[in-house]
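# Observations on the model geometry
The residues making up each chain are set out below.
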Amino acid sequence: MPELPEVEVVRRGLVSWVRGRTITGVDVVDPRSVRRHALGPEDFAGNLEGAKVLDVVRRGKFLWMPLQGDGAPRLTADGSGSGLPAVALMAHLGMSGQLLMQDSSVPDEKHLKVRLKLSRDGTMPEQLRFVDQRIFGGLFVTSLVPTDDGGPGGSAEDPVPVIAEEASHIARDPLDPHFSFDTFYRRLRKRKTGLKRALLDQGLVSGIGNIYADEALWRAKLHYARPTDTLRRAEAERVLTAARDVMTDALAACGTSFDSLYVNVNGASGYFERSLNAYGREGEECRRCAAAGVRSFMRREQFMNRSSYTCPVCQPRPRNGRW
């Protein structure tokens, strides 16, 4: 499943290709990929044709494109009419969804599901294609609603205080300038759970998935079962800083890719996997311990139908851990 850095890489790529362009045509090749649009493929296409893409926005792992059209409604911060966009195209990447820019002369991909034709803009590719091998993702048109705190809805080129309705329940992510550590820590201490479970709770902090949770915990020297209700403020700051740093590093490396299913908007795979210190390293030496002259091997344990990777020396199991 793509995590925050992968989705942000796609967002940044899309902005340079689609912002300010008009959707001139829509081909729904496989209706299953617009199943989340309740009124069906024809209504989906009708809502998009003639609409201008204003921006590309991300909160956590959610991605959407605010739209402007002749008949599109507009909002003020209190929900009444104004100049803010009120509708957006939501993209849910699922396990294998890809958004690819292609020229019209390029043959269709094997798993092409939806094609958006865009207005001409110099030498830019004319089509935005949604390709999805496993069909867990999809596209749909959704409403934009005012944010609860009055801040921007998410990372964007021109942030505005509206958010896609389906993303309105999730918290801000660690890379968001409006992220509040005080709010995060206060809510974290009220939970009686393990630290990794809390980091994966999108209602507490968004954008952190299984891979980057393991990496952040390794950097912070904390075990995934550390109880949150006894976590000291300095420990919480340490793990949030680690999460922010590891995702920033992943962004610089264009995300993590373990197979051909994650690619950015130009079809290039990420390669941060080469820098992973915890995830997927079962049986390999802990790099931090090895640098200190200590021999320790990474272990893998079952966790929420997934896996967690830790070092038994520098991430010791806590007393009264919450598994």
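Residues numbered from 1 in each chain as written. Predicted model: local features only at pLDDT ≥ 70, side-chain atom pairs only at ≥ 80, totals over all residues. Heavy atoms only, no water.

## So, the sheet that holds strand β9 (residues 112-118)
Read from one edge of the open sheet, four strands run β1-β9-β10-β8, paired in antiparallel fashion. Each edge of the sheet is formed by a strand with only one pairing partner; in this case those strands are β1 (23-28) and β8 (97-102). Within the sheet, the average angular offset between the axes of one strand and its neighbour, ignoring direction, is 15°. Pairing of β9 with strand β10 (residues 127-132), which is carried by five bridges, proceeds in the antiparallel orientation. Its bridge partner lying in β10, Val114 is registered against Phe130. Strand contacts of helix α1 (residues 4-18): β8, β9 and β10, with the helix running at about 30° to β8, the strand carrying the most contacts. (Pairing = 2+ DSSP bridges. Helix = DSSP H or I, 4+ residues; strand = E, 2+ residues; numbered from the N terminus. Axes fitted to C-alpha atoms, helices over the stretch in contact; angles between N-to-C directions. Contact = heavy atoms within 4.5 Å.)

## Concerning the packing of helix α3 (residues 181-190) against helix α6 (residues 233-252)
Interaxial distance between α3 and α6 falls to 11 Å at its minimum, and their mutual angle equals 120°. On the basis of the axis angle, α3 is oblique to α6. Read as a crossing pair, α3 and α6 show a hand that is right-handed. Residues Phe181, Asp182, Phe184, Tyr185 and Leu188 of α3 touch α6, and the partners they reach there are Arg233, Ala236, Glu237 and Leu240. In the contact of α3 with α6, the residues fall into six nonpolar, no polar and three charged. (Parallel < 35°, antiparallel > 145°, perpendicular 65-115°, else oblique. Left-handed = near helix turned anticlockwise from the far one by under 90°. Nonpolar A, V, L, I, M, F, W, Y, C, P; charged D, E, K, R; others polar.)

## A word on the layout of surface pockets
Roughly 360 Å³ of internal volume is contained in the second largest pocket. What lines the second largest pocket is a set of 19 residues, and nearest its centre among them are Arg59, Asp149, Ile170, Ala171 and Arg172. Considered class by class, the residues forming the lining of the second largest pocket number seven nonpolar, seven polar and five charged. (1 Å grid on protein atoms, 1.4 Å probe; cavity = no way out; pocket = protein on both sides within 12 Å on 5 of 7 lines; lining within 4 Å. Points joined across faces, edges and corners; volume = space filled by probe spheres on them.)

## Observations concerning the pattern of salt bridges
Think of it this way: side chains of opposite charge can pair up when their charged atoms draw near. Within the structure shown, the criterion is met by 28 salt bridges. Ionic pairing is found between Asp173 and Arg58, a salt bridge with its closest N-O pair at 2.9 Å. Of this pair, Asp173 sits in the loop between β12 (162-164) and α3 while Arg58 sits in strand β3 (residues 57-59), and the two are 115 residues apart along the sequence. Judged by relative accessible area, which is 1%, Asp173 ranks as buried. Residue Arg58 is classed as buried on the basis of its relative accessible area, which comes to 1%. (Salt bridge = Lys/Arg side-chain N within 4 Å of Asp/Glu carboxyl O. Buried < 20%, exposed > 50% of the residue type's maximum accessible area, 1.4 Å probe, protein only.)

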